[in-house]
Structure formats: C-alpha cells, structure tokens
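Listed here are the chains, written in short residue letters.
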Amino acid sequence: MSNILEVNGLTTQFETKNGPLTVVDDVHFSLKKGEVLGIVGESGCGKSVTSLSILQLLDKHGKVSSGEVLYKNTNLVSKTEKEMRKIRGKEISMIFQDPMTSLNPVLTIGTQIGEVIEKHEKIKGTQVKQKVVELLNLVGIPRANEIFHEYPHRLSGGMKQRVMIAMAIACKPTMLIADEPTTALDVTIQAQILDLLRSLKEDLEMSILLITHDLGVVAEMCDRVVVMYAGQVVETTDTRTLLRNPRHPYTVGLIQSTPHQSKGERRLKSIVGQVPTPDEYSPGCRFVDRCPQAMDICRSTVPPLLEIEGQTACRCWLYERKEEVI
Ligand code: SF4
Ligand code: MG
C-alpha cells in the first residue's frame with residue numbers, strides 16, 4: 001500500500017512569555033491508502049496539536065518549526081493559506097470531539113452542509129439541496145428533508161456528530177482526521193458513530209487518522225497505532241501487537257488502565273502522576289517520573305526510538321540493544 005500521508009520530524013512550537021515551548025517534538029509516522037491509523041495518548045500528549053499542524057490550523061501562537069507533512073508527496077508545511085483552503089475539506093477533512101464548536105448555531109443544517117459543497121464544487125440551488133439530502137441519508141439521519149431546515153440545537157449529540165461527518169465527507173476527501181469523534185457521546189451512540197465511520201471508510205475508500213485516548217476505540221477501528229507521550233512518539237506498531245504485546249511502559253500503563261470486557265474482574269490500575277508540561281520535561285525520558293521500570297540512564301539521557309522487530313518501534317532504554325531507526 002502506498003502512503004497518503006508522511007509526517008517526518010514534525011516539530012510544533014508555541015510562543016509563550018517565557019520563550020517557545022515545543023509541544024510536538026520530532027514526530028514521524030505515515031498513513032497508507034485505506035488505512036485507519038490511531039494516535040493514542042492521554043490529553044496533553046500533543047495528539048490534537050499534531051493534527052492541527054497537519055492542516056495548518058494552529059492558532060496564531062503556534063507554528064511548525066521544523067519537519068515536513070507530505071500529502072500525496074507535496075509538503076503541506078510550505079503551502080500558503082489560500083492553497084490550504086483548497087486542500088481542507090476537499091482532500092483532507094476533519095471532525096472534532098464537540099460538534100457544537102464547529103456547527104454554527106444560527107444557520108440551518110442544510111445551509112451549513114450546502115456551504116461546504118458550494119465552496120469546492122460548481123453547483124447551485126436545487127442540485128446542492130439534493131446533494132445535502134443524499135449526504136444526510138448517507139450518514140443515517142432520518143427524515144433528511146425535514147432535518148435540512150432544522151437548526152443544530154434541535155438535534156441530539158449523536159445526530160450533530162452525524163451532521164459533522166456529513167460536512168466532512170461532502171466532497172469525498174481522500175483522508176479524514178477524526179479527533180476524539182465519540183468522546184462526547186453516550187456509549188451506544190459511540191458504537192453507532194464508529195460503525196458509520198467504518199462503513200464510510202469502505203464506501204469512500206478514505207484513509208483515517210483517528211485521534212483518541214480510548215484503547216477500546218483503537219481495538220475497534222485501527223489497523224496501526226502511534227502512541228504519543230509528552231509530545232513524542234513512544235511506540236508505533238500494529239493494533240494487534242499493541243494490545244497483546246505492548247512494549248513501552250506507558251503503553252502497558254494505558255492498557256492496564258482500560259476496562260477490558262474479557263478480563264472484567266481484574267482491578268484497573270491507573271498510571272500514577274500526570275503528563276508533564278513542556279517546561280517540566282526531564283533531560284532524559286519524559287515518562288521517567290511515572291515509570292515503574294525507570295533506571296539511572298532514564299533520568300539523564302533521552303531514549304531514541306528503537307526498532308524492536310518488523311513494524312514495531314519503541315522509545316525506551318529497556319530495548320537499547322536493538323537497532324536505532326530514527
Ligand atoms: Fe521507563 Fe526508562 Fe523506558 Fe523511560 S526509558 S519508559 S523511564 S524504562
Ligand atoms: Mg485533544
């Protein structure tokens with residue numbers, strides 16, 4: 001499979017009173033055609049900033065300071081805002097955790113989805129309406145002709161997320177970035193939205209970058225996974241290996257703190273402490289203060305991302321005898 005997206009050495013900094021803070025630090029990963037790649041980690045690990053960096057949607061204090069984002073072999077980092085506007089929505093779309101932050105409360109559903117279509121396609125009037133209704137049907141919204149005229153506040157959370165998905169796929173993008181798409185929803189609705197994303201991925205042959213803190217969602221959806229901790233990639237592997245044989249002590253901690261249906265009686269162990277902020281990073285491994293296996297070297301020296309075997313790479317001194325990949 002060929003790569004749709006290659007992120008090479010992506011580093012994103014935010015300007016603060018005390019100088020620049022590096023929030024995403026030398027991140028590498030690739031997304032293949034038709035693949036679902038998960039980016040996993042607790043909040044504050046740099047997952048969302050990574051996706052905003054890809055689409056150049058950082059606020060005015062943030063900036064990609066080095067690295068490249070190759071989409072179909074062109075570097076998005078060097079594109080102008082005007083060029084990016086043609087890519088967003090048409091080539092790469094994004095859905096967020098909270099649909100209300102992205103839906104405009106004073107415009108009807110039909111107007112909002114129609115605007116996305118008109119931005120990228122040369123159609124008007126009844127043709128746009130017809131396309132909006134088709135999209136509402138496609139994302140499983142009942143009574144599409146009535147919902148077309150409704151305002152967002154009249155819809156449930158799950159329905160709003162379906163509207164967001166309709167907007168995101170309106171121009172049949174090659175790639176979808178879904179940032180915690182089900183986190184704000186009830187469990188049963190979560191499952192429906194994941195089912196919808198899965199079937200749309202198949203029908204539209206999309207590649208999906210799925211950002212989540214939930215390993216249950218990863219198990220359901222992802223082919224491969226990138227685990228991020230404190231702005232860095234700490235483990236990359238396929239989903240099956242990640243869940244059965246996690247290597248990085250952080251990944252092990254995430255799995256032990258996730259409810260697991262087949263092992264329902266086991267006590268959940270949470271990871272002690274919190275993700276450090278960039279000004280609190282240790283000069284060695286950033287996980288050192290929370291790691292049950294920390295050694296002396298971990299406090300002083302940054303562990304490199306080491307290849308373990310095949311597709312698996314891990315940033316941890318426990319695996320130091322293996323070959324360095326990056
Ligand atoms: Fe733990 Fe050391 Fe590995 Fe970091 S490098 S995860 S502190 S064992
Ligand atoms: Mg986030």
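On a predicted model such as this, the values are computed, not experimentally measured, just so you know.

It is worth spelling out the overall build of the chain at this point. Helices and strands together make up the secondary structure of the chain, namely 12 helices and 12 strands. Over its C-alpha trace the chain gives a radius of gyration of 21 Å, about what one expects of a compact globule, namely 20 Å for 326 residues. By its C-alpha atoms, the chain is 70 × 50 × 40 Å across when sized along the principal axes. Counting every position in the chain, which comprises 326 residues, the buried fraction comes to 40%. Sequence-distant contacts in the chain: of pairs separated by 6 or more residues, those separated by 24 or more amount to 62%.

Within a beta sheet, neighbouring strands are joined by backbone hydrogen bonds and run either parallel or antiparallel to one another. Reading across the sheet, the 4 strands line up as S2-S1-S4-S5 and stay open at both edges, with antiparallel pairing between neighbours. Edge positions in the open sheet fall to strand S2 (19–32) and strand S5 (74–75), since each of these has one partner strand only. Bridge count for strand S1 (residues 3–16) against S2 is 10 bridges, and the pairing is antiparallel. In the sheet register, Glu-15 faces S2, and the bridge partner there is Pro-20.

This brings us to the nonpolar core. In terms of nonpolar packing, the biggest core is built from 85 residues, with Ile-113, Ala-166, Leu-209 and Leu-210 touching the most fellow members. The biggest single contributor to this core is helix H7 (residues 157–169), with 8 residues. Residue contacts for Ile-113: discarding those within four places in its chain leaves Val-132, Leu-135, Ala-166, Met-167 and Ala-170.

Right, let's talk about helix H1 (residues 47–54) for a bit. Because each turn of an α-helix spans 3.6 residues, side chains separated by three or four positions end up pointing in the same direction. Most of H1 is tucked away, with 7 of its 8 residues classed as buried. Within H1, the full set of buried residues consists of Lys-47, Ser-48, Val-49, Thr-50, Ser-51, Ser-53 and Ile-54. At the exit of H1 stands Gln-56, carrying a positive phi of roughly 55°.

Take the sheet that holds strand S8 (residues 207–212) next. In space, the 8 strands of this open sheet follow the order S6-S7-S8-S3-S9-S10-S12-S11, with mixed pairing throughout. At either margin of the open sheet sits one strand with a lone partner, and together these are strand S6 (92–95) and strand S11 (305–309). The sheet shows a mean angle of 20° between the axes of neighbouring strands, taken without regard to direction. Pairing of strand S3 (residues 36–40) with strand S9 (residues 224–229), which is carried by 4 bridges, proceeds in the parallel orientation. Following the sheet pairing, Val-40 is matched in S9 by Val-227.

Residue position: Gly-216 is located in helix H9 (residues 215–221). With 43 residues separating them along the chain, Gly-216 and Pro-259 place their C-alpha atoms 8.3 Å apart.

The next point concerns helix H4 (residues 109–120). For H4, the full list of buried residues reads Ile-109, Ile-113, Gly-114, Val-116 and Ile-117. One side of H4 carries all its buried residues, which in axial view fall inside an arc of 155°.

Turning to the packing of H4 against H7, a few remarks are in order. Relative orientation and spacing of two packed helices are given, respectively, by the angle between their axes and the distance between those axes. It is at 8 Å that the axes of H4 and H7 come closest, and there the two elements cross at 25°. When the axes of H4 and H7 are compared, the pair comes out roughly parallel. Between H4 and H7 lies a crossing of right-handed hand. Facing H4, whose interface residues are Ile-109, Gln-112, Ile-113 and Val-116, H7 presents Val-163, Ala-166 and Met-167. Across the contact of H4 with H7, the residue classes tally to 6 nonpolar, 1 polar and no charged.

Moving on, we get to unusual backbone geometry. Positioned with a positive phi, Asn-73 is a non-glycine residue whose angle comes to about 70°. Mapped onto the elements, Asn-73 comes out in the loop between strand S4 (62–71) and S5. The backbone phi angle of Arg-143 is positive, close to 50°, even though this residue is not glycine.

This brings us to the packing of H4 against helix H5 (residues 125–138). Between H4 and H5, the shortest axis-to-axis distance is 9 Å and the interhelical angle comes to 110°. Taken together, the axes of H4 and H5 lie roughly perpendicular to each other. Regarding H4 and H5, the two cross each other, and that crossing is right-handed. Contacts from Gly-110, Ile-113, Gly-114, Ile-117 and Glu-118 in H4 reach Val-128, Lys-129, Lys-131, Val-132 and Leu-135 in H5.

This part covers the confidence of the model for the chain. The pLDDT averaged across the chain works out to 92; a share of 95% of its residues lies at or above 70. Confidence metrics for the complex model read pTM 0.93 and ipTM 0.97.

Thresholds applied
Residues numbered from 1 in each chain as written. Chains lettered and ligands numbered in written order. Predicted model: local features only at pLDDT ≥ 70, side-chain atom pairs only at ≥ 80, totals over all residues. Helix = DSSP H or I, 4+ residues; strand = E, 2+ residues; numbered from the N terminus. Rg over C-alpha atoms; globule rule 2.2 N^0.38 Å. Buried ≥ 20, exposed ≤ 12 C-beta atoms within 10 Å, placed from the backbone. Contact = placed C-beta atoms within 7 Å. Pairing = 2+ DSSP bridges. Core = buried A, V, L, I, M, F, W, Y, C linked by C-beta atoms within 7 Å. Axes fitted to C-alpha atoms, helices over the stretch in contact; angles between N-to-C directions. Arc of directions from axis to C-beta. Parallel < 35°, antiparallel > 145°, perpendicular 65-115°, else oblique. Left-handed = near helix turned anticlockwise from the far one by under 90°. Nonpolar A, V, L, I, M, F, W, Y, C, P; charged D, E, K, R; others polar. pLDDT = per-residue confidence, 0-100.

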